[in-house]
Amino acid sequence: IAAATSATREAENGGDFLAAVRERTGIDVRVISGAEEARLIHLAAAYAVDVGGRRAVVIDIGGGSVEITLGTAADIQLARSFKVGVIRLTERFVRTDPLSERDERRMTKHIIDEVDRHCEQITAVGFDRVIGTSGTILSIGALAATAARGTPPSDLRNMRVSAKQIRRIRKEVVAVDIERRLALPGMDPRRADLAVAGSVLIDTILRRLGAEELTLCDLALREGLVL
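Cut-offs used in this document
- Residues numbered from 1 in each chain as written.
- Predicted model: local features only at pLDDT ≥ 70, side-chain atom pairs only at ≥ 80, totals over all residues.
- Heavy atoms only, no water.
- 1 Å grid on protein atoms, 1.4 Å probe; cavity = no way out; pocket = protein on both sides within 12 Å on 5 of 7 lines; lining within 4 Å.
- Points joined across faces, edges and corners; volume = space filled by probe spheres on them.
- Helix = DSSP H or I, 4+ residues; strand = E, 2+ residues; numbered from the N terminus.
- Nonpolar A, V, L, I, M, F, W, Y, C, P; charged D, E, K, R; others polar.
- Core = buried A, V, L, I, M, F, W, Y, C linked by side-chain atoms within 4.5 Å.
- Buried < 20%, exposed > 50% of the residue type's maximum accessible area, 1.4 Å probe, protein only.
- Pairing = 2+ DSSP bridges.
- Salt bridge = Lys/Arg side-chain N within 4 Å of Asp/Glu carboxyl O.
- Axes fitted to C-alpha atoms, helices over the stretch in contact; angles between N-to-C directions.
- Parallel < 35°, antiparallel > 145°, perpendicular 65-115°, else oblique.
- Contact = heavy atoms within 4.5 Å.
- Expected span 1.5 Å × (residues − 1).

This paragraph deals with the layout of surface pockets. Gaps between atoms show up when a probe of the same size as a water molecule is rolled over them. Its boundaries defined by the atoms lining it, the largest pocket holds a volume of some 430 Å³. Together, 25 residues line the largest pocket, and Asp60, Ile61, Ser134, Gly135 and Ala220 are the ones closest to its centre. Listed by contribution, the elements that provide at least two residues to the lining of the largest pocket are α3 (34-49), β3 (56-61), α4 (86-93), α6 (135-149) and α10 (221-226). A per-class count over the lining of the largest pocket returns 9 nonpolar, 9 polar and 7 charged.

The following block contains the structure:
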């Protein structure tokens, strides 16, 4: 089972790419919409964290897009995909290292402009918890957990980190250059270049939702496809 998301959805030669994959591997890749991507991610996160009948917000940060959903394990009430992924934000706003205050403000405003109405709808309905999935959120969560505990966590699944801890990590990550970011306890070296946009993004969304806590989840789109 294979699915293609944001990059292939938008690429002018996305069809050529899928044809090449089919020709070389025999795998027939299905391009899924942002809404379907959001639905599948919510399905996996609700399963992993055992949401049951409680309402959960699920946030998934990818390179090209961000999915934000609201629902129980059985019923998704709101699901949207936004073009504010970490690679997209990094390419557009991260012009200096460390990031300038002006560009940080511009990035934050852009994120809020994109997600504000959707977040307003979510807060109007209400939720019991916020779940974060995929590499960027897990890496920011690992930094926050390491800072709070003093040692890197052995397992991130279902770990809870406070929104205040995420906020502190944002300030720390944004203030330093790549060399010092790589030295931060718990930093995944593969994520160090995207950690600036990633920390600004997740912190901004949590603040807009008024969330006090984030539950980390290592299941996402792939597991949603299996389910």
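Moving on to the nonpolar core. Ile59, Ile68, Leu201, Ile202 and Leu214 are the most contacted members of the largest nonpolar core, which has 49 residues in total. Core analysis: the next-biggest nonpolar cluster, separate from the first, contains 16 residues, Ile41, Val49, Val51 and Val58 among them.

Within strand β8 (residues 213-217), 4 of the 5 residues are buried, leaving the element largely enclosed by the surrounding structure. Pairing between strand β6 (residues 129-133) and β8: 3 bridges, direction parallel. Bridge pairing in β8 links isoleucine 131 to threonine 215. Note: strand β7 (residues 160-162) against β8, 3 bridges, orientation antiparallel. What sits directly across from valine 161, in β8, is leucine 214.

A separate point is the pattern of salt bridges. Tallied over the entire structure, the rule returns 15 salt bridges. Where glutamate 213 meets arginine 160, a salt bridge forms, and the shortest distance between an N and an O atom there is 3.3 Å. Taken together, the positions of glutamate 213 in strand β8 and arginine 160 in strand β7 put the pair 53 residues apart, joining distant regions of the chain. A relative accessible area of 36% places glutamate 213 in the partly exposed class. When its relative accessible area of 49% is taken as the criterion, arginine 160 is described as partly exposed. For arginine 167, the salt bridge is made with aspartate 203, and the minimal N-O distance between the two is 2.5 Å. A residue pair is termed long-range when its members are at least 10 positions apart, and arginine 167 in helix α7 (residues 163-175) and aspartate 203 in helix α9 (residues 195-209) qualify at 36 residues. A residue is classified by how much of its surface remains accessible, and arginine 167, at 24% relative accessible area, is partly exposed. Aspartate 203 gets classed as buried once you look at its relative accessible area, which sits at 2%.

This part covers the packing of α6 against α9. Contact pair α6 / α9: the axes reach a minimum separation of 10 Å and the direction vectors enclose 85 degrees. With respect to α9, the axis of α6 lies roughly perpendicular. Across the interface between the two elements, Thr136, Ile137 and Ile140 of α6 pack against Ala195, Gly198, Ser199 and Ile202 of α9. When its residues are assigned to classes, the contact of α6 with α9 shows 4 nonpolar, 3 polar and no charged.

Moving on, we come to the sheet that holds strand β5 (residues 76-82). An order of β5-β4-β3-β6-β8-β7 is seen for the 6 strands of this open sheet, with the pairing classed as mixed. What marks the edges here is a single partner per strand, and that holds for β5 and β7. Here the strands of the sheet are splayed against their neighbours by 20 degrees on average, with no regard to which way each runs.

Attention now goes to α9. Here α9 spans 21 Å end to end across 15 residues, near enough to the 21 Å set by a 1.5 Å rise per residue. Of all 15 residues in α9, 13 are buried; the element is thus mostly enclosed. Looking one or two residues past α9, glycine 210 carries a phi angle of roughly 75 degrees, positive in sign.

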